[in-house]
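A look at the structure
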Amino acid sequence: MNSLVDKYNIPGPRYTSYPTVPYWNEADFTADLWKTSVIRSFSESNAEEGISIYIHLPFCEALCTFCACHKRITKQHSVEVPYLESVLKEWKLYLELFNEKPKLKELHLGGGTPTFFSPENLKTMLTGIFDTVEIAENQEFSFEGHPNNTTKEHLQTLFDLGFNRVSFGVQDYDPKVQKAINRIQPFENVKNVTEWAREIGYKGISHDLVFGLPHQTWEATEYTIRKTLELKPDRLAFYSYAHVPWVKGVGQRGFDENDLPSGDEKRRLYEDGKKLLEELGYIEIGMDHFSLEHDDLYQSLTQKRLHRNFMGYTSSKTQLMVGLGMSAISDSWYAFAQNVKTVEEYQKIVEEGEIPVFRGHILDEEDLIIRKHILNLMCQLETSWDLQTSFPEIENALEKLKEMESDGLVEISDKQIKITEKGRAFTRNVAMVFDLRMMRNKPETRIFSMTI
């Protein structure tokens, strides 16, 4: 495995979209084209499957130095109401594009720290959205909770509003690692919020763990996994730390690359962590995720309903995902759009009555075909094609895959490719073979984290 890590540990995308953000054709994107794609997608999908909403809540009281998200660090909670009022105003701008009442299937609150906001303020904002939509049957409403500031009132208020899933950011329980990433978080805090959520009735509780953090050892990772398993969350995200200190504003400081596990050490953290999780009853789902058999994520995998978008893996698919809030990304299937990246500019544009997108990409026919292949690989670990309707460079892609086949990472049959168990760790590398936009315009500087 070590030689394969050396061979394939290269910078590469995580493929929450195709094309990936650095390869969006921003020159041909306009807000009017984005609105047209939203109208088309809504009319095609609303009645049948409904839509998704992602709300980006960017505020945090302290900077976690491993984080690469768009956030604003402040202890001033006076920012809450003005920001949430802007989110509602942005939503009303989208409502003007729809010819019928939206059916809301999925809703996710991400951040930042959603539980920075008071339960009362979150309820006011969410009620403002719910008053304008029809709630779909079997809705999936979820939020990210910080164990240090998620209260029982947060959990109860959101549950009463229809939220049924919560994800708690754990990362690691080792004090040395926690200090390096500025995330001091006792196990007792995680235990409290997990047990409260279970008592209240949440059907899905998830914990996020990260491997590859500064000063992380296998002994510490094993301890974190075993402590997590004392609480038996329904699903786990076991993310690879993405070290991207060159990206402006991520705040990855307080350590450097010398403090990080080497490629081989990081691979061991994943392989041994995965083995331990499976011994304890968890099943690997796609890439980075594990769940117990009863969880919807596993059920969607077996029924081939697993989906991946900017929110990560989801157990159901909607064609239209509207992203609200500063820096939020929206997906109409035919186009992507991202909102402006500062709170002040976001609020100003919304006040002026404009949807606050500043860049995006309109997918062409080739993009749509490749997007399906990469989505299949990321979700089902396989894809198939008809040479008459696939992309022109399919034969070039197959040629590159032959080397991966000889390394035991994939199995190639007539018009089909499957990622093997051995190849799971290299899923991003397999998907990159299909990434024509990246192949045609290889970056001169590093823009992605390492694949391993």
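Within each chain, residues carry numbers counting from 1 in the order of the written sequence. For a predicted model such as this one, the threshold for reporting local features is a pLDDT of at least 70, and the threshold for listing and counting side-chain atom pairs is 80 or more; totals across whole chains, interfaces and linings nevertheless cover every residue. The basis for every side-chain value is the complete set of non-hydrogen atoms in the structure, without hydrogens or water.

This next bit is on the overall build of the protein chain. The helix and strand inventory of the protein chain stands at 15 helices and 19 strands. Taken over the C-alpha trace, the protein chain has a radius of gyration of 21 Å; the compact-globule value for 452 residues is 22 Å, and the two agree within 12%. Looking at the protein chain residue by residue over its 452 residues, the buried ones come to 59%. Sequence-distant contacts, at least 24 apart, represent 74% of the contacts inside the protein chain between residues at least 6 apart. Areas reported here follow the Shrake-Rupley algorithm with a probe of radius 1.4 Å; residue values treat only the protein chains shown as occluding. A total accessible area of about 18900 Å² is found for the protein chain, and carbon and sulfur atoms account for 48% of it. Here the protein chain holds 52 positive side-chain charges and 69 negative ones, and the gap between their average locations is 2 Å. Counting from the N terminus, the helices are the DSSP runs of H or I reaching at least four residues and the strands are the DSSP runs of E reaching at least two. Radius of gyration: C-alpha atoms only; globule rule: 2.2 Å multiplied by the number of residues to the exponent 0.38. Working definition: with a 1.4 Å probe on protein chains only, accessible area under 20% of the residue-type maximum means buried, over 50% means exposed, and in between means partly exposed. Contacts are assigned to residue pairs with any non-hydrogen atoms lying within 4.5 Å of each other. Positive charges are assigned to Lys and Arg, negative charges to Asp and Glu, while His and the chain termini are left out of the count. The atom standing in for a charge is NZ when the residue is Lys, CZ when it is Arg, CG when it is Asp and CD when it is Glu.

Look at helix H7 (residues 187-200): 20 Å from first C-alpha to last across 14 residues, which is about the 20 Å you get at 1.5 Å a residue. The complete set of buried residues in H7 reads Phe187, Val190, Val193, Thr194, Ala197 and Ile200. Residue count minus one, scaled by 1.5 Å, sets the expected span of a helix.

With that settled, consider the side chain of Ser327. Along the polypeptide, Ser327 turns up in the loop between strand S13 (321-324) and strand S14 (329-331). Aside from chain neighbours lying at most four places away, what touches Ser327 is His56, His70, Gln338, Asn339, Val340 and Lys341.

Attention now moves to the UniProt feature "binding site: S-adenosyl-L-methionine 1" (unreviewed entry) in the protein chain. UniProt positions are given in the numbering used here, feature names are shortened, and annotations may be inferred rather than shown by experiment. Mapped onto the present numbering, the UniProt feature "binding site: S-adenosyl-L-methionine 1" (unreviewed entry) falls at Tyr54, Gly111, Glu144 and Ile329. A distance of 2.9 Å separates polar atoms of two side chains, one belonging to Tyr54 and the other to His56. Structurally, Ile329 can be placed in strand S14. Contact partners of Ile329, with chain neighbours within four places excluded, come to Val21, Trp24, Phe310, Met321, Gly323, Ala337 and Gln338. By the criterion applied in these results, polar contacts are pairs of N or O atoms within 3.5 Å in which, for protein atoms, one can donate a hydrogen and the other can accept it, and in which residues neighboring in sequence qualify only through two side-chain atoms.

Right, let's get into the packing of aromatic side chains. Planes of paired rings set the category: under 30 degrees apart is stacked, over 60 is edge-to-face and the rest tilted, where pairs are Phe, Tyr or Trp rings (Trp by its six-membered ring) whose centres lie within 6.5 Å. Counted by the stated rule, this structure contains 19 aromatic pairs. Ring centres 5.5 Å apart and planes at 10° place the aromatic pair Phe130 and Phe141 in the stacked group. Taken as a pair, Phe130 in helix H4 (residues 119-130) and Phe141 in strand S5 (residues 134-145) lie far apart in primary sequence, eleven residues in all. In terms of burial, Phe130 and Phe141 fall into one category: buried. An angle of 20° between the planes, with centres 6.2 Å apart, marks the rings of Phe238 and Tyr270 as stacked. In this pair, Phe238 is assigned in strand S8 (residues 235-240) and Tyr270 in helix H9 (residues 263-279), connecting sequence segments 32 residues apart. Taken as a pair, Phe238 and Tyr270 share a single burial class, namely buried.

Assignment of secondary structure puts Glu80 in helix H3 (residues 80-95). We note that Glu80 is buried and unpaired, the nearest opposite charge coming from Lys75 at a distance of 13 Å. In this structure Glu80 touches Phe116, Phe117, Ser118 and Asn121, once residues within four positions along its chain are discounted. We count a salt bridge whenever a side-chain nitrogen from Lys or Arg sits within 4 Å of a carboxyl oxygen from Asp or Glu.

Next up on the list: the pattern of salt bridges. The tally for this structure, following the rule as stated, stands at 28 salt bridges. Residue Lys203 is joined to Asp296 by a salt bridge in which the shortest nitrogen-to-oxygen separation is 3.1 Å. Separated by 93 residues along the polypeptide, Lys203 in the loop between H7 and strand S7 (204-211) and Asp296 in helix H10 (residues 296-302) bring together distant segments of the chain. Lys203 sits in the partly exposed class, given a relative accessible area of 39%. For Asp296, a relative accessible area of 25% gives the class partly exposed. Across the pair Arg371 and Asp331 runs a salt bridge whose closest N-O atoms are separated by 2.4 Å. Taken together, the positions of Arg371 in helix H12 (residues 365-380) and Asp331 in strand S14 put the pair 40 residues apart, joining distant regions of the chain. This pair shows no difference in class: Arg371 is buried, exactly as Asp331 is. Through salt bridges with shared partners, a single network forms among Glu140, Arg165, Lys203, Arg235, Asp295 and Asp296.

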